[in-house]
Amino acid sequence: MHVTLVHVHVKPEHIADFIAATRLNHLASVQEVGNRRFDVLQTPDDPSQFILYEVYASAEDAAAHKQTEHYLVWRDTVADWMAEPRRGVPYKALFPET
C-alpha cells in the first residue's frame, strides 16, 4: 500500500470553501480503482489545519490520482486558499498486511 498524509493549512476565511471543494475531491477519489482510503481530517482546536489521509494500492495508483480531472480541479481551486504550501508525507504501511 502507498500511504500519504497531506498536511494542509487553510486561510481562515476559506475554511468552508476548502471543505466543500475537498468533499468533491474525496467523493471522486474513493471511486478510483486503486484507492483504499481517502479521509479528510480537521484539527478540532485549529479548524484551519487539515490532514488528507490517502491510501492507494500502489505508488502507480497514487500517481494516477494526480492525473485525474477531479484532482486537478481541486488542486487549482484550493491553491489560493492555502496559508502555506501543502505538504505530503509518505508512510510505509505495516498493518494491515496486504
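Everything below is about the structure printed above this text.
Attention here is on the structure that accompanies the text.

Calculation rules
- Residues numbered from 1 in each chain as written.
- Predicted model: local features only at pLDDT ≥ 70, side-chain atom pairs only at ≥ 80, totals over all residues.
- Heavy atoms only, no water.
- Helix = DSSP H or I, 4+ residues; strand = E, 2+ residues; numbered from the N terminus.
- Rg over C-alpha atoms; globule rule 2.2 N^0.38 Å.
- Buried < 20%, exposed > 50% of the residue type's maximum accessible area, 1.4 Å probe, protein only.
- Axes fitted to C-alpha atoms, helices over the stretch in contact; angles between N-to-C directions.
- Parallel < 35°, antiparallel > 145°, perpendicular 65-115°, else oblique.
- Left-handed = near helix turned anticlockwise from the far one by under 90°.
- Contact = heavy atoms within 4.5 Å.
- Pairing = 2+ DSSP bridges.
- Core = buried A, V, L, I, M, F, W, Y, C linked by side-chain atoms within 4.5 Å.

Each helix and strand counted, the protein has 3 helices and 4 strands in total. Ordering the α and β elements of the protein from the N terminus gives β-α-β-β-α-α-β. Relative to the 2.2 N^0.38 estimate, which gives 13 Å for 98 residues, the radius of gyration of the protein is 13 Å and therefore close to what a compact globule would have. For the protein, the C-alpha atoms occupy an extent of roughly 40 × 30 × 20 Å along the three principal directions. Burial status across the protein gives 32% buried among its 98 residues.

A word on the packing of helix α1 (residues 15-29) against helix α3 (residues 69-78). Closest axis-to-axis distance for the α1/α3 pair is 9 Å, and the angle between their directions is 165 degrees. Between α1 and α3, the crossing angle belongs to the class labelled roughly antiparallel. In terms of crossing hand, the pair formed by α1 and α3 is left-handed. Only H70, Y71, W74, T77 and V78 of α3 make contact with α1, whose side of the interface consists of F18, A21, T22, N25, A28 and S29.

Let us look at the sheet that holds strand β1 (residues 2-9). Spatial strand order, β2-β3-β1-β4: 4 strands in an open sheet with antiparallel pairing. Among the strands making up the open sheet, the edge pair consists of β2 (35-42) and β4 (87-92). Here the strands of the sheet are splayed against their neighbours by 15 degrees on average, with no regard to which way each runs. Pairing geometry for β1 and strand β3 (residues 49-56), over 8 bridges, is antiparallel. Paired with H9 across the bridge in β3 is Q49.

Moving on: the nonpolar core. In terms of nonpolar packing, the biggest core is built from 13 residues, with V8, V10, F18, W74 and V78 touching the most fellow members. Secondary structure elements with two or more residues in this core: β1, α1, β3 and α3. Setting aside its immediate chain neighbours within four residues, V10 contacts I15, F18, S48, F50, W81, M82 and A83.

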